[in-house]
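# Survey of secondary and tertiary structure
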Amino acid sequence: MLNRVTLPVTPFAQNCSLVWCSDTKQAALIDPGGETERLLAAIAERGLTLASILLTHGHLDHVGATGELSPQTGVPVIGPGVDDAFWIEGLAQQVQMFGFDPVPAFTPDRWLKQGDSVTVGNETLDVVHCPGHTPGHVVFVHEAQRLAFVGDVLFNGGVGRSDFPRGDHATLIDAILNTLLPLGDDITFVPGHGPESTFGHERLHNPYLR
Ligand SMILES: [Zn+2]
């Protein structure tokens, strides 16, 4: 069983997810955007062992604590897609753009692509490439528990911005309609910001998907 808790971080209230395997207590942080000490405390208080950092895309509010967490804990950084390398290499410029405090640089240990999978203890997350918000954006899906971590692709009642460099609105909508939603209306998703929803609810009610 994959357990999880949402820990909103940064002034943007980015939904960092702490997920863990109930059998092994191995854990992963999905999109640790900031607040390193608080994230480490959340892991410690549950008696978990951090095994990896998983990134949906290269925006600062999703990756900002990675350059501290990875060297401190010795765990690998996995994701996003390699097409987001320019965002991660440009972390210092993002700090200025978003008005954040400076953060250490990092380089992912493994880039992800469509069809890959990553493990958290005995649990497996499938990797789905959903470009448009950023070109290398990936989504993590736990097939058995009908759960997805979608970063800034899809929100409850909204979709990701596409006005950044190499963003493209038509590409984003195509990825949502033809790659993400076909995974199943019953999938609950954790967006990068704001409340959770299901793919089915968004298919019916999201004004950007009409
Ligand atoms: Zn983003």
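One can find the structure itself at the top, above this paragraph.
As a starting point, this report considers the structure included with it. Only a predicted model underlies this, so the values are computations on that prediction, with no experimental measurement involved.

Over the atoms rolls a probe the size of a water molecule, and its path tells where empty space is left. Per the stated rule, a full pass over the model turns up one cavity of 30 Å³ or more. Considering only enclosed or pocket space, the largest cavity measures out at about 50 Å³ in volume. In terms of lining, the largest cavity is formed by Gln14, Asn15, Ser17, Ile30, Asp31, Thr56, Phe149, Val150, Gly151, Val190, Pro191 and Gly192. Elements represented by at least two residues in the lining of the largest cavity include exactly β2 (14–21), β9 (147–151) and β12 (188–191).

This part covers the coordination of the zinc ion. By definition of the ideal shapes, four donors in a tetrahedron about a metal sit 109.5 degrees apart, and six donors in an octahedron sit 90 or 180 degrees apart. Only His57 (NE2), His59 (ND1), His133 (NE2) and Asp152 (OD) from the protein coordinate the zinc ion, and they sit 2.2 to 2.3 Å from it. If you look at the zinc ion, its four donor atoms make angles of 90 to 163 degrees with each other, and the shape they trace is irregular. If you list the donors of the zinc ion from N- to C-terminus, the spacing comes out as H-x1-H-x73-H-x18-D. With His57 in the loop between β4 (49–54) and α2 (60–63) and Asp152 in the loop between β9 and β10 (154–155), the pair connects residues that are 95 residues apart, well separated along the chain. When sorted by exposure, His57 lands in the same class as Asp152, which is buried.

The next thing to look at is the packing of aromatic side chains. Evaluation of the coordinates by the stated rule reveals six aromatic pairs. Considering the side-chain rings of Phe12 and Phe98, the 5.7 Å spacing of their centres and the 75 degrees angle between planes classify their relative orientation as edge-to-face. You can see Phe12 sitting in the loop between β1 (2–9) and β2 and its partner Phe98 sitting in helix α5 (residues 91–98), a full 86 residues away along the chain. Owing to a relative accessible area of 18%, Phe98 belongs among the buried residues under this scheme. Aromatic pair Phe86 and Trp87: ring centres 5.2 Å apart, planes at 35 degrees, arrangement tilted. Residue class for Trp87 comes out buried when judged on its relative accessible area of 6%.

About the thresholds
- Residues numbered from 1 in each chain as written.
- Predicted model: local features only at pLDDT ≥ 70, side-chain atom pairs only at ≥ 80, totals over all residues.
- Heavy atoms only, no water.
- 1 Å grid on protein atoms, 1.4 Å probe; cavity = no way out; pocket = protein on both sides within 12 Å on 5 of 7 lines; lining within 4 Å.
- Points joined across faces, edges and corners; volume = space filled by probe spheres on them.
- Helix = DSSP H or I, 4+ residues; strand = E, 2+ residues; numbered from the N terminus.
- Donors = N, O, S within 2.8 Å, 3.2 Å for Na, K, Ca; no water.
- Tetrahedral: all angles 85-135°; square planar, octahedral: opposite > 155°, others 65-115°.
- Buried < 20%, exposed > 50% of the residue type's maximum accessible area, 1.4 Å probe, protein only.
- Phe/Tyr/Trp six-rings, centres within 6.5 Å; stacked < 30°, edge-to-face > 60°.

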